[in-house]
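Breakdown of the fold
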Amino acid sequence: MNINFMSFNLKIKFSITRYHFLQSLLAGIIITLIILLGETFSNNVINAAIGSSVALVFLHPKNPQNRFRSLFGGNVIAIITFLFLHFLFLSFDQDLFITIYERDFHIFSGLSFTLCILLMSISDTEHIPAAGTSIGLSVNNIDYTLILFILFSISLLYVSRIFIEKYGKNLF
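Okay, so let's go over this structure. None of these values were measured; they are calculated from a predicted model.

Structural notes on the overall build of the protein
Each helix and strand counted, the protein has six helices and four strands in total. The order of helices and strands in the protein, counted from the N terminus, is β-β-α-α-α-β-β-α-α-α. Taken over 172 residues, the protein has a buried fraction of 37%. Contacts in the protein between residues at least 24 apart in sequence constitute 72% of all its contacts with a sequence separation of at least 6. Surface accessibility of the protein: about 10,400 Å² in total, with carbon and sulfur atoms responsible for 68%.

Below, the structure is given as structure tokens:
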């Protein structure tokens, strides 16, 4: 079906295969398990970042951002970025917030995100959802359990990716 709207021509694809159902079902199972495992110490931003990684892996398993170097490396860079900035801020006894007109602005998240995407692009470990991981870590106090949870989740996701790459297919 083609839809012409002003100067845009959108082609809507209506091909549904068993891969759509199976890969969507597996993605739902994986993210549900991850959220259940991290329910007590994770936060919504981390869950959203990991959920974005799950979607990318299961919808487009052959995407270069899903290779080990990017999937694991991007998240490790997010963690290292967070830890570096956290200890840098602590060493200068700097608050993570700047107050302007009685409103708190969380500059730490923006700095963590910026440094994370810079380092991912330099090191060829781009995994876009990992930038969200850097924000998710920076909105809480340092929590090593959360860091281990992220590493475990990404490891589980990479094992799933090996399976889905072999038996699944790119859905778009």
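A short note on the packing of aromatic side chains
A complete count under the given rule lists four aromatic pairs for this structure. An angle of 75° between the planes, with centres 5.9 Å apart, marks the rings of Phe-82 and Phe-108 as edge-to-face. One end of the pair, Phe-82, is in helix α3 (residues 68–91); the other, Phe-108, is in helix α4 (residues 107–123), and 26 residues separate them in sequence. Residues Phe-82 and Phe-108 agree in their burial class; the two are buried. Plain terms: the ring middles of Phe-163 and Tyr-167 are 5.1 Å apart, the flat faces sit at 50° to each other, and that makes the pair tilted. Taken as a pair, Phe-163 and Tyr-167 lie in helix α6 (residues 144–167) at a separation of four residues, close to a single helical turn. In this structure an aromatic cluster arises from ring pairing among Phe-68, Phe-72 and Tyr-158. Of note, Arg-18 hangs over the ring of Tyr-19, and the distance from its end group to the ring centre comes to 5.0 Å.

A word on the pattern of salt bridges
Summed over the entire model, instances satisfying the criterion amount to two salt bridges. Of the charged contacts in the structure, one is a salt bridge between Arg-67 and Asp-124, with a shortest N-O distance of 3.2 Å. Taken as a pair, Arg-67 in the loop between α2 (44–59) and α3 and Asp-124 in the loop between α4 and α5 (128–138) lie far apart in primary sequence, 57 residues in all. On the basis of relative accessible area, Arg-67 is assigned to the partly exposed category, the value being 28%. Since its relative accessible area comes to 37%, Asp-124 is described here as partly exposed. We note a salt bridge from Glu-165 to Arg-161, for which the minimum N-O separation is 3.2 Å.

Focus: the side chain of Ser-153
With respect to the element layout, Ser-153 can be found in helix α6. Apart from the residues within four sequence positions on either side, Ser-153 is in contact with Ile-34 and Ile-50.

Thresholds applied
- Residues numbered from 1 in each chain as written.
- Predicted model: local features only at pLDDT ≥ 70, side-chain atom pairs only at ≥ 80, totals over all residues.
- Heavy atoms only, no water.
- Helix = DSSP H or I, 4+ residues; strand = E, 2+ residues; numbered from the N terminus.
- Buried < 20%, exposed > 50% of the residue type's maximum accessible area, 1.4 Å probe, protein only.
- Contact = heavy atoms within 4.5 Å.
- Areas by Shrake-Rupley, 256 points an atom, 1.4 Å probe, with all protein chains shown as cover.
- Phe/Tyr/Trp six-rings, centres within 6.5 Å; stacked < 30°, edge-to-face > 60°.
- Lys NZ or Arg CZ within 6 Å of the ring centre and 35° of its normal.
- Salt bridge = Lys/Arg side-chain N within 4 Å of Asp/Glu carboxyl O.

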